Amino acid sequence: MLEWVLVLGLAAVSLGLNLANRDFPLAYHPDETKKVQFIQSGEQDWKHPILLLRLGGGAAALAGASTDQDVAEAGRAVSGVLGVVCVLLTWALLRRALEPGYAMVGTALVALAPLLVVHAHYLKEDVLLLACCLASLLALVGLVERMGTSGEVPASFALGIATGLAVSSHYKGGLLVAVYALVPLVASVYDVRAYYRRIVLALGTSVLVFLFVNSPLLLDPLAFVEGVFFEARHAVEGHHVYIGPLDSWFTFHLFESLIPGLTVPVMLFAGAGFVVALATWRTQETAARILLLFGGLSYVAVELSPLKPYPGFARYVVPTVPAIALAACLAVRAFERAVRGTRLHWIAPLAVVALLVPPALRSGRLVEGLQHDTRVLSDRWLEEHAQKPIVELYASGRSYDIVSLTTLDVEAARRAGTTHVAASSFLYDRFARGSRLAGQKDYVYSTHEKYQELFSYPYVEFRPETPSFAFSNPTIRVVDIREPRPPGRAG
């Protein structure tokens, strides 16, 4: 009974964090604008499957949303609720991998994880994908456990339904197929040939589920194929800046996404926990092995791809969060066992505190920061001081006038009466990063140089009190172009 009370309490905490301050302007996140347009029009470009659009549209209809902002907030509420689903499914998995107390600690870590909490505020596929993947992993554990019994066929259908929903949330859900294929290598399976037959049955079911959810593709299969191939090329070619796995030796997301999104203590515990898991692999439960396999493949896959688009690259490692929580708990458990019966036994509870408090504080700060975005200050400043301002993408809470200021003819803008232009770190930082890497396309270096030329004009800078994370709180530079740039200041 106490366990259920604690789980429901964590679900309530998760819901509160996920739904707080979700009324920020739609213009902060241009990807949401596209989702809202698709929901309002009933159209899609098939660069992503449409399960999120269906859920977002249903929520908007229930809420009576009519404006784009209202539709976005209804869709964000869907993501917030799905974040709670992730917490509950994590508990169901960890309950099969750990003792109840440690399962609760891992579940609490997921509920408080900034990486999950912040992305549960957006009308994007990331949290939906995680929820469906966790449901698939739970069904997979059930299938492995039921092999050789009358329950293996129903378990196969359950796995197929969950997998179909996962791929309907995002094409990256297809990574689950690799997990299914590798399971006999990491877990004990009653009959390997029979297992693969059940996987084939599950995958067949998943195709039917995918076609049901995405049925409009049957009316325009060419558009669907074009959308899938666009995303495939995107994953291979990157977005503006090409960041390959060896540019950071497979640690880009570790330092740029996971540490900021989960905090240093969590990642230190998780690193130790992965070592513990490998050293004690034979004694780990099936659920633990499968979840760690999924987390490892998810991380390697996003590191292999050069697609690490600023500013929202952290969303790509959202699927790794439950596996990291499991690893962190394995480390805490190993430490507790090592000090049990010694004078240091009292330190073990402090390890749990060290694991949970930093992400809780950071999540609270980031959620609070959604209401105090730097674009509020810069927009207000422009209203008071600028005439005919021009703002680029990510630089305003209203709308943008130009995708990038590097394509602006500054002299022509000045003659037309523009006094100030606003640039966002979400754009200029990506080219600054790219300029330090070899092998980029020429426009990456030239765009960085153009930003440097622009910043040779005087500018006022608005820096965030809360660190930039995901699509919130960029640094905004409001550049004064009223006077020609002094000679020799370019770059």
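Residues numbered from 1 in each chain as written. Predicted model: local features only at pLDDT ≥ 70, side-chain atom pairs only at ≥ 80, totals over all residues. Heavy atoms only, no water.

Mind laying out the nonpolar core, listing which residues take part and the relevant values?
Leu115, Leu140, Val183, Tyr195, Leu262, Leu326 and Leu454 are the most contacted members of the largest nonpolar core, which totals 150 residues. Looking at this core element by element, the count peaks at 14 residues for helix 7 (residues 126–146). If we ignore the near neighbours within four places in the chain, the residues touching Leu326 are Leu94, Ala97, Leu98, Ala288, Leu291 and Leu292. Listed in part, the 9 residues of the second largest apolar core include Ala386, Val391, Ala395 and Ile476. (Core = buried A, V, L, I, M, F, W, Y, C linked by side-chain atoms within 4.5 Å. Buried < 20%, exposed > 50% of the residue type's maximum accessible area, 1.4 Å probe, protein only. Helix = DSSP H or I, 4+ residues; strand = E, 2+ residues; numbered from the N terminus. Contact = heavy atoms within 4.5 Å.)

If you had to explain the sheet that holds strand 1 (residues 390–391) to someone new, which residues and values would you point to?
Read from one edge of the open sheet, 4 strands run 1-2-4-3, paired in mixed fashion. Since the sheet does not close on itself, it has two edges, and those belong to strand 1 and strand 3 (459–462), each with one partner. In the sheet, strand 1 pairs with strand 2 (residues 420–424) via 2 bridges, with the strands oriented parallel. Its bridge partner being in strand 2, Val391 is matched across the sheet by Ala422. (Pairing = 2+ DSSP bridges.)

Got a sec to walk through the packing of helix 1 (residues 2–19) against helix 4 (residues 68–97)? Specific residues and values, please.
One way to put it is that helix 1 packs onto helix 4 with a least axis distance of 9 Å and a crossing angle of 150°. By the angle between their directions, the pair helix 1 and helix 4 is classed as roughly antiparallel. At the point where helix 1 passes helix 4, the crossing takes the right-handed sense. Of the residues in helix 4, those in contact with Glu3, Trp4, Val7, Ala11, Ser14, Leu15, Asn18 and Leu19 of helix 1 are Ala77, Gly80, Val81, Gly83, Val84, Val87, Leu88, Trp91 and Arg95. A per-class count over the contact of helix 1 with helix 4 returns 11 nonpolar, 4 polar and 2 charged. (Axes fitted to C-alpha atoms, helices over the stretch in contact; angles between N-to-C directions. Parallel < 35°, antiparallel > 145°, perpendicular 65-115°, else oblique. Left-handed = near helix turned anticlockwise from the far one by under 90°. Nonpolar A, V, L, I, M, F, W, Y, C, P; charged D, E, K, R; others polar.)

Give a detailed account of the side chain of Arg362, specifying residues and quantitative values.
As for its placement among the helices and strands, Arg362 is situated in helix 16 (residues 347–369). Summary of buried charges: Arg362 has no salt-bridge partner, and the nearest side chain of opposite charge, Glu256, is 10 Å away. Among residues more than four places away in sequence, those in contact with Arg362 are Pro114, Pro260, Thr263, Pro467 and Phe469. (Lys, Arg positive; Asp, Glu negative; His and termini not counted. Salt bridge = Lys/Arg side-chain N within 4 Å of Asp/Glu carboxyl O.)

Would you mind going over the state of the cysteines in detail, with residue names and values included?
In the structure shown here, the tally under the stated rule is 0 disulfides. Cysteine Cys86 shares no disulfide, and the gap to the nearest cysteine sulfur, in Cys132, comes to 8.6 Å. Since its relative accessible area comes to 0%, Cys86 is described here as buried. Not engaged in a disulfide, the cysteine Cys133 finds its nearest cysteine sulfur in Cys132; these two sulfurs lie 7.2 Å apart. (Disulfide = S-S within 2.5 Å.)

Lay out the pairing of strand 4 (residues 476–480) with the relevant residues and their values.
When you tally the buried positions in strand 4, you get 5 out of 5 residues, the bulk of the element. Here 5 bridges tie strand 2 to strand 4, and the two strands are oriented antiparallel to one another. Following the sheet pairing, Ala423 is matched in strand 4 by Arg477. Summarising the sheet, strand 3 and strand 4 pair through 4 bridges and their orientation is antiparallel. By the bridge assignment for strand 4, Phe462 is matched with Ile476.

So what's going on with the packing of aromatic side chains? Which residues, and what values?
The final tally for this structure, using the stated rule, is 19 aromatic pairs. Here the aromatic rings of Phe24 and Tyr28 are separated by 6.2 Å at their centres, their planes lie at 5°, and the arrangement is stacked. Plain terms: the ring middles of Tyr428 and Phe455 are 5.0 Å apart, the flat faces sit at 75° to each other, and that makes the pair edge-to-face. With Tyr428 in helix 19 (residues 425–435) and Phe455 in the loop between helix 20 (442–454) and strand 3, this residue pair connects regions lying 27 residues apart in the sequence. Each residue in the set Phe24, Tyr28, Tyr122, Tyr394, Phe426 and Phe471 is aromatic and connected to the rest through ring pairs, giving one cluster. Above the plane of the ring of Phe230 lies Lys47, whose end atom (NZ or CZ) is 4.0 Å from the centre. Just above the ring of Phe24 sits the side chain of Arg76; from NZ or CZ to the centre is 3.7 Å. (Phe/Tyr/Trp six-rings, centres within 6.5 Å; stacked < 30°, edge-to-face > 60°. Lys NZ or Arg CZ within 6 Å of the ring centre and 35° of its normal.)

These figures capture arrangement, not role.
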